[in-house]
Amino acid sequence: MKTKVEPLVHLNTNPCKMCMPMGAVTAFYGLQKCITILHGSQGCSTYIRRHMATHYNEPVDVASSSLTEHGTVYGGEENLLKGLKNVIDLYEPEVIGVATTCLAETIGEDIKRIVEKFYECYPEYQNITILPVHSSGYSGTEFNGYFNTLTQIVAQVKMSMKKHEKVNVVTGMISPADTRYLKKIFALFNIEAILLSDLSSNLDAGFSKAYNRLPSGGTSIEEIKKMAGSRMTIEFCSVPLALSPGKYLEEHYGVPCKVLNLPMGLRDTDTFYKVLSEVSCNPIPKELVEMRSRYLDAMIDSHKYNSGGRAVIYGDPDFILGTVRLSAENGIMPIVVATGSVCPELKSLLEKELRDVAARYFIEDFQVVDDIDFKTIEALAIQYKANLLIGNSDGRRIEEKYHIPLVRRGFPIHDRVGGQRLRTLGYEGSLTFLDELSNALLAVTETSFRENLFNAYYKEESAGKVEEIIKDKAKEKEFTQSNDMLEVKNMLSKETMLEKTKTHPCYNCGAHEHARIHLPIAPRCNIQCNYCVRKFDCPNESRPGVTTTILTPEEAFERFKVVKEKLPNLSVVGIAGPGDALANFDETKKTLQIIRDYDPDITFCLSTNGLMLPLYAQELVDLGVSHVTVTVNAVDPKIGAKVYKYVDYMGMHFIGETAAAILLTNQLNGIKLLTSKGIVCKINIVTLKGINDEHIPEVVAKMKELDCYMTNIMQLIPVKGSAFEDLPMASQVEINKIRKNCGETMKQMYHCKQCRADAIGILGEDLSIELGSCRGKCSPIKQQIQKPYRFAVASKSGMIVDQHFGHVEEFYIYDYQGEEATYIEKRKINKYCMGKDACDEKEDKITRIIDSIEDCQGVITLRIGESPKSKLKEKGIQVFSTYDRIPDAIKKAVEAM
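Keep in mind it's a predicted model, so treat the numbers as computed, not measured.

Peer 1: Give me the lowdown on the overall build of the protein chain, citing residues and values where you can.
Peer 2: A count of helices and strands for the protein chain gives 33 helices and 29 strands. Accessible surface computed for the protein chain: about 40,600 Å², of which carbon and sulfur atoms make up 51%.

Peer 1: So, the sheet that holds strand β13 (residues 406–408): which residues are in play, and what are the values?
Peer 2: With parallel pairing, the five strands of this open sheet are ordered in space as β11-β10-β9-β12-β13. The outermost strands of the open sheet, each flanked by one partner alone, are β11 (367–369) and β13. The mean inter-strand angle of the sheet, taken between neighbouring strand axes irrespective of direction, is 20°. Note that strand β10 (residues 333–338) and β11 share three bridges and pair parallel. Across the sheet, residue Val-337 finds its bridge partner in β11, namely Val-368. Lying on the sheet, helix α13 (residues 317–329) is in contact with β9 (310–314), β10 and β12 (388–391); it crosses β9 at an angle near 160°. Contacting β10 and β11, helix α14 (residues 345–360) crosses the sheet at an angle of about 160° to β10.

Peer 1: How would you explain the environment of Arg-113 if you had to name every residue and give the values?
Peer 2: For Arg-113, the location among the structural elements is in helix α6 (residues 111–121). Measuring from C-alpha to C-alpha, the distance between Arg-113 and Pro-132 comes to 9.4 Å, with 19 residues separating the pair along the chain.

Peer 1: Report on the pattern of salt bridges, specifying residues and quantitative values.
Peer 2: Counted by the stated rule, this structure contains 47 salt bridges. The partner of Arg-408 in a salt bridge is Glu-399, with the nearest N and O atoms 2.9 Å apart. Residue Arg-408 is classed as buried on the basis of its relative accessible area, which comes to 8%. Here Glu-866 and Lys-869 are joined by a salt bridge, their closest N and O atoms 3.7 Å apart. Here the residue Glu-866 and the residue Lys-869 both occupy positions in helix α32 (residues 866–874), the gap between them amounting to three residues, near one helical turn. Looking at Glu-866, the relative accessible area reads 59%, which means it is exposed. Each of the salt bridges in this network shares a partner with another, and the network as a whole consists of Arg-524, Glu-587, Arg-790, Asp-815, Glu-825, Arg-827 and Asp-855.

Peer 1: Summarise the packing of aromatic side chains; cite the residues concerned and give the values.
Peer 2: The tally for this structure, following the rule as stated, stands at 22 aromatic pairs. A connected cluster of aromatic rings, assembled from ring pairs, spans Phe-186, Phe-189, Phe-236, Phe-272, Tyr-273, Tyr-295 and Tyr-427. Between the NZ or CZ atom of Arg-213 and the centre of the ring of Tyr-91, over which it lies, the distance is 5.6 Å. Over the face of the ring belonging to Tyr-598 we find Lys-561, whose NZ or CZ atom lies 6.0 Å from the ring centre.

Peer 1: Which residues make up empty space enclosed by the protein, and what values go with them?
Peer 2: Evaluation of the coordinates by the stated rule reveals four cavities of 30 Å³ or more. The volume enclosed by the second largest cavity comes to roughly 380 Å³. Taken together, 28 residues line the second largest cavity, and the ones lying closest to its centre are Met-173, Phe-319, Arg-409, Gly-410 and Phe-411. Looking at the lining of the second largest cavity, the elements with two or more residues in it are α2 (42–56) and α13. Residue composition of the lining of the second largest cavity, grouped by class: 13 nonpolar, eight polar and seven charged.

Peer 1: If you had to explain the sheet that holds strand β2 (residues 63–64) to someone new, which residues and values would you point to?
Peer 2: One open sheet accounts for four strands, arranged β2-β1-β3-β4; its pairing is parallel. The two strands at the open ends of the sheet, each matched to only one other strand, are β2 and β4 (129–133). Where strand β3 (residues 95–100) meets β4, five bridges bridge the pair, whose relative direction is parallel. Within the sheet, the bridge partner assigned to Ala-99 lies in β4 and is Val-133. Across the face of the sheet, helix α4 (residues 77–91) comes into contact with β1 (34–39), β2, β3 and β4 while running at roughly 155° to β1. Of the strands in this sheet, β1, β3 and β4 are in contact with α6, which crosses β4 at around 160°.

Peer 1: Pulling in residues and values, what's your account of unusual backbone geometry?
Peer 2: In this model, Leu-196 is joined to Ser-197 through a cis peptide bond whose omega is -5°. A cis amide bond links Phe-411 to the next residue, Pro-412, at an omega of 5°. As for its placement among the helices and strands, Pro-412 is situated in the loop between β13 and α17 (426–457). Despite not being glycine, Lys-33 shows a phi value in the positive range, around 50°. Given the relative accessible area of 35%, Lys-33 is considered partly exposed.

Peer 1: Lay out the nonpolar core in plain terms, naming residues and giving numbers.
Peer 2: Grouped together as the largest cluster of nonpolar side chains are 121 residues, with contacts concentrated most on Leu-31, Met-52, Ile-224, Ile-234, Phe-272, Ile-377 and Leu-388. The leading source of residues in this core is α17, at seven residues. Ignoring sequence-local partners within four residues, the contact set of Leu-388 consists of Arg-310, Ala-311, Val-312, Ile-332, Ile-404, Pro-405, Val-407, Leu-437, Ala-440 and Leu-441. Listed in part, the 73 residues of the second largest apolar core include Leu-519, Ala-617, Cys-681 and Leu-727.

Peer 1: Tell me about helix α12 (residues 286–306), and name the residues and values.
Peer 2: Each α-helix winds once per 3.6 residues, and so residues spaced three or four apart point in a common direction. When the terminal C-alpha atoms of α12 are compared, their 29 Å separation across 21 residues agrees well with the 30 Å that a helix rising 1.5 Å per residue should span. Taken as a whole, α12 has its buried residues at Leu-288, Met-291, Tyr-295, Ala-298, Met-299, Ser-302 and Asn-306.

Peer 1: So what about the state of the cysteines? Which residues, and what values?
Peer 2: Structurally, a disulfide amounts to a covalent bond that connects the sulfur atoms of two cysteines. Within the structure shown, the criterion is met by zero disulfides. Cys-529 takes part in no disulfide bond, and the closest cysteine sulfur, belonging to Cys-532, lies 5.8 Å away. Left unpaired, Cys-708 is separated from the closest cysteine sulfur, that of Cys-681, by 5.2 Å.

Peer 1: Before we move on, can you summarise the packing of helix α1 (residues 20–28) against α2 with the specific residues and values?
Peer 2: For any two helices packed against each other, one specifies the inter-axial angle together with the distance between the axes. Contact pair α1 / α2: the axes reach a minimum separation of 10 Å and the direction vectors enclose 55°. When the interaxial angle is binned, α1 and α2 end up oblique. Judged by the twist between their axes, the crossing of α1 over α2 is right-handed. Taking contact as the criterion, the partners of Pro-21, Met-22, Val-25 and Thr-26 in α1 are, on α2, Tyr-47, Ile-48, His-51, Met-52 and Tyr-56. Here the contact of α1 with α2 is composed, by residue class, of seven nonpolar, two polar and no charged.

The rules behind the values
The residue numbering used here restarts from 1 in each chain and proceeds along that chain's sequence as written. Totals for whole chains, interfaces and linings use all residues, but because this is a predicted model, local features are given only for residues with pLDDT of at least 70 and pairs of side-chain atoms are given and counted only at 80 or more. Based on all heavy atoms of the structure, the side-chain values leave hydrogens and waters out of the count. Helix numbers and strand numbers start at the N terminus; a helix is a DSSP run of H or I with at least 4 residues, a strand a run of E with at least 2. Areas reported as accessible are Shrake-Rupley estimates using a 1.4 Å probe. Residue values count occlusion only from the protein chains shown. Strand pairing is assigned whenever DSSP identifies at least 2 bridges connecting the two strands. All axes are obtained by fitting lines to C-alpha atoms, using only the stretch in contact for helices, and the reported angles, taken between N-to-C directions, cover 0 to 180 degrees. Contacts: residue pairs with any heavy atoms within 4.5 Å of one another. The salt bridge criterion pairs a side-chain nitrogen of Lys or Arg with a carboxyl oxygen of Asp or Glu, the two atoms within 4 Å. Any residue under 20% of the maximum accessible area for its type is buried, any over 50% is exposed, and the rest in between are partly exposed; the area is computed with a 1.4 Å probe on protein chains only. Aromatic pairs are defined between Phe, Tyr and Trp rings, using the six-membered ring for Trp, whenever the two ring centres lie within 6.5 Å; interplanar angles under 30 degrees are classed as stacked, those over 60 as edge-to-face, and all others as tilted. By definition, being over a ring means that NZ of Lys or CZ of Arg is both within 6 Å of the ring centre and within 35 degrees of the ring normal. The pocket and cavity definitions rest on a 1 Å grid over protein atoms only: a 1.4 Å probe that fits but cannot leave marks a cavity, an open set with protein on both sides within 12 Å along at least five of seven lines marks a pocket, and residues lining either have an atom within 4 Å of a point. Grid points are joined across faces, edges and corners, and a volume is the space filled by probe spheres set on the points. When residue character is reported, Ala, Val, Leu, Ile, Met, Phe, Trp, Tyr, Cys and Pro are called nonpolar, Asp, Glu, Lys and Arg charged, and the others, Gly included, polar. Joining through side-chain atoms within 4.5 Å is the link that ties buried Ala, Val, Leu, Ile, Met, Phe, Trp, Tyr and Cys residues into a set, and such a set is a nonpolar core. A helix's residues, less one, multiplied by 1.5 Å, set its expected span. Throughout, disulfides are identified as pairs of cysteine sulfur atoms within 2.5 Å of each other. These descriptions rest on fixed angle ranges, namely under 35 degrees for roughly parallel, over 145 for roughly antiparallel, 65 to 115 for roughly perpendicular, and the rest for oblique. Each crossing is labelled by how the near helix is turned from the far one, with a counterclockwise turn of less than a right angle marking it left-handed and a clockwise turn marking it right-handed.

Right, here's the structure in full:
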């Protein structure tokens, strides 16, 4: 039973990353008396403030140039100049970081030139350091944005070349607690350090009654100016950086750069302390030696638990590398290593480390992936049977869904307090981190060993009782709460689906003795096919889209009961129009619910164009629908644009290739959702000579990929009034030739009768006229002998007919039957015409108004021109002009008809 549905287009679902401006703001927040202004829309600064405030639990100020539509079109220079002036007046900063967002970068804003112009306009502000940084969100992650900003800071600040003994220290986005640790360690070795940047107090301050708008802590601009004269730079990032502050200082000022891994775990912390000892010419302090011994003791304490760990590690590349090395030296197998950054070098950096651990546990495969999202991480976690997650709190959905414990580290941590206080670096930080990892693994063992023992020794004995449990409705709710049991239930459901197929005459040519009933409860359609004209009153015509009458769900139920009594071989209830079953989902749902309560064994089937399938797929499963027919005439939007006149979707009116592409995308995703849930899918394809006839094998091949059951390649029925009324029909010989060719790809249907929307009986013997009225059996159906009418009323108020036809924005829809007018709905006219071949709105409005009321027999309006009147008459819609109350107007219209 397939349950996994892959997207049919390349997209990220919950990306494993933040954007570059997030990194830029964080970098600037480590500078003393610095405020950041984001050049872009206001939402960007709000997004970043929210993430930083909930992680660091501190108020975070980020200004914005607040670009609007005007600034987007004409440039945001004026906004940024005003923004800089306002920021200085409000905050009185010493440093201003100006970072771009996607919007500013897309329109090509030259922020360096704008900053220069600001200094020209306001020379009195020359003492304020303004640092422009390009940081488009789509160019990288917060990791890239952070290091890019640090590099731009050292590149733009006017440096002092005077030599001194201080050491530059460049770190990634470590926690304030880890920053404090580094400051303490450098002081312990008597080394004066210049941190770039220093978040230790700005984003983890103590309590104060007074609120300071600007961060008072951090690295001052005067200290940064000294970085060019430092004795060396220590940069904590072992993955290659496109822009490295340490390398920049080395290349431009001759400051030696030493690149180290973050001091996480035994080996990398040992290396760090050794380097500091060499730089300071001091021995490693005794307290660090003692701390090392405690960490070794913790490694010994936990090793017996760690050997069972199969971890998914995700986050920024520098964090990942350190965590993998710490996990590996403690016996935890990093089975999946993932970063949202583009970092193809990560695999080669970790390959040997991971292979050494894998060899000890006889593990043959693991994954190191970059540029990844959480949907893929989730899939890999399940594929490689992970039992531990290590990373930020964005992985909590995987934790909740699969009960894999998550040890939270990195940025952001939204669902716990204290993210800013988490220690990871050094022996002490590594010990705390290791304890959390071991305890997470131990907790799983302690809470699941009984279930594992049961599954290993007793499950086979109890498996035979599964079917009995399923049948016991009192236990079914409890039963479905178990994932293992649910999988068995799904497998049994699949068997049920196949069993129902044996008695479905449309899906099984050997089921000709079984009857079906089509219930015409769905008059509306959300697309217009060029071969389709839906007529609701044509008892002598047999084709899809035709019915004698439209039924309400209650009337449909009455018809079903009578037909079931007369036809004991009735096995299938189908919803086949005359419009689209899902464009009338409320009626479809209610009809199926009523009938299911009455007859739980009946097979439910419906046909659809597939536009709304992604929205309603799960509800169809819940309703017990076992078979769905989807009409797919093309899998190429260029061909689809020739088949479909328009598509109405989410309140918008689409035409051309855009319409075809939207329909196709929803069809493919919807079908895949259905087949993944065990629904049996048949695909109808109308053969259109010169349009899609040569394309049909490609359609069939795609449906095979989606695990469809069969395809039904049908002959076009030219209908007068349709766009394809003069299109030549493919002969039966030509149809069968296509079927035979496609039969090598998947099962083909040869026995389709292209039934009416109200068909009753076995295939080839339509009893809809004889049984449709159910004479003498059910009074609600008797009323249907009286001819029903549907009217579209042009009204502003809903009380009287008071609107011209050409001014209509919405119609009031009424059904008239049994001498009674019943309000059905208020139907809005599509205001927009979207797509590659978008039409002129003025010229097309009348057409769109008419298209929206195709299911009506009459339209009642205050006034109407001759052109729309003739177009309506062509579609069989009668026109009535009046200024009456709506009920009176409808009654007069019926009398006139």
